[in-house]
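Here are the chains, one letter per residue:
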Amino acid sequence: MMSKYLWPITTLGLVLLMGVALLAAPFGLHFFAQGHHWNRATYWTFWTGAGVIVVAAIGLYGWTSGVGEEARRILPPKEEAASPSKDAPSETPAPMNGDEALQQLARAVLRDLNQRLGDGGTGAGAGGV
């Protein structure tokens, strides 16, 4: 099923490489003398290479996102596979932001301190934990 994506992606990869070659050709093949302005051949070869790269990149993005969509459709989501049933209560706490977590931690520390100081436990007045 995924083999239908092999040839378009391979072809677009080769087209992308051809665009890079067109982009670099004026400089590698010395279409113009160093220090002079670009001539017409340099200008058109460079910008044709840039256009080919853009078209190939858009095509590659389209085909590779198609592979991803098909993979998501074929493979089950991880969240559904991990949860055995929706009737059972979850043991993991609900996600909270940083402020809520700090408030919850501060309340737990205060409860612990009040408990130790209130019943005269080993930690009361000892100055340490």
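Quick notes on the rules
Residues numbered from 1 in each chain as written. Predicted model: local features only at pLDDT ≥ 70, side-chain atom pairs only at ≥ 80, totals over all residues. Heavy atoms only, no water. pLDDT = per-residue confidence, 0-100. Helix = DSSP H or I, 4+ residues; strand = E, 2+ residues; numbered from the N terminus. Expected span 1.5 Å × (residues − 1). Buried < 20%, exposed > 50% of the residue type's maximum accessible area, 1.4 Å probe, protein only. Contact = heavy atoms within 4.5 Å. Phe/Tyr/Trp six-rings, centres within 6.5 Å; stacked < 30°, edge-to-face > 60°.

Draft legend 1. Region of the structure containing the confidence of the model for the chain. Confidence along the chain averages 79 in pLDDT terms, with 75% of residues attaining 70 or more. Looking over the chain, one finds the lowest element-wise mean pLDDT in helix α3 (residues 78–82), namely 58, and the highest in helix α1 (residues 6–28), namely 92.

Draft legend 2. Helix α2 (residues 40–74), seen in detail. Given a rise of 1.5 Å per residue, 35 residues ought to cover 51 Å, and the 51 Å separating the end C-alpha atoms of α2 matches this to within 8%. Along α2, the residues classified as buried are Thr42, Thr45, Phe46, Gly49, Ala50, Ile53, Ala56, Gly59, Leu60, Gly66 and Glu70. On the buried face of α2, the contacting elements are α1.

Draft legend 3. View of the environment of Ala56. Turning to its location among the elements, Ala56 is positioned in helix α2. Between the C-alpha atoms of Ala56 and Leu16, which are 40 residues apart in sequence, the distance is 5.3 Å. In this view, Ala56 contacts Leu12, Val15 and Leu16; residues no more than four positions away in its chain are not counted.

Draft legend 4. Representation of the side chain of Thr45 within the structure. Within the secondary structure, Thr45 sits in helix α2. A residue is classified by how much of its surface remains accessible, and Thr45, at 16% relative accessible area, is buried. In this structure Thr45 touches Leu22, Ala25, Pro26 and Phe31, once residues within four positions along its chain are discounted.

Draft legend 5. View of unusual backbone geometry. Positive phi values are uncommon outside glycine, yet His30 reaches one of about 55°. Within the fold, His30 resides in the loop between α1 and α2. You can call His30 exposed: its relative accessible area is 62%.

Draft legend 6. View of the packing of aromatic side chains. Going through the model one piece at a time under the given rule, you end up with 6 aromatic pairs. Taken together, a centroid distance of 5.8 Å and an interplanar angle of 65° make the contact between Phe27 and Trp38 edge-to-face. Placement of Phe27 in helix α1 and of Trp38 in the loop between α1 and α2 is noted, with a sequence separation of 11 residues between them. Judged by relative accessible area, Trp38 falls into the partly exposed class, the value being 39%. Seen from their ring centres, Phe27 and Phe46 are 6.1 Å apart, and the 85° between their planes marks the pair as edge-to-face. Here Phe46 lies in helix α2 and Phe27 lies in helix α1, a separation of 19 residues in the sequence. The structure contains a cluster of three or more aromatic residues connected by ring pairs, namely Phe27, Trp38, Phe46 and Trp47.

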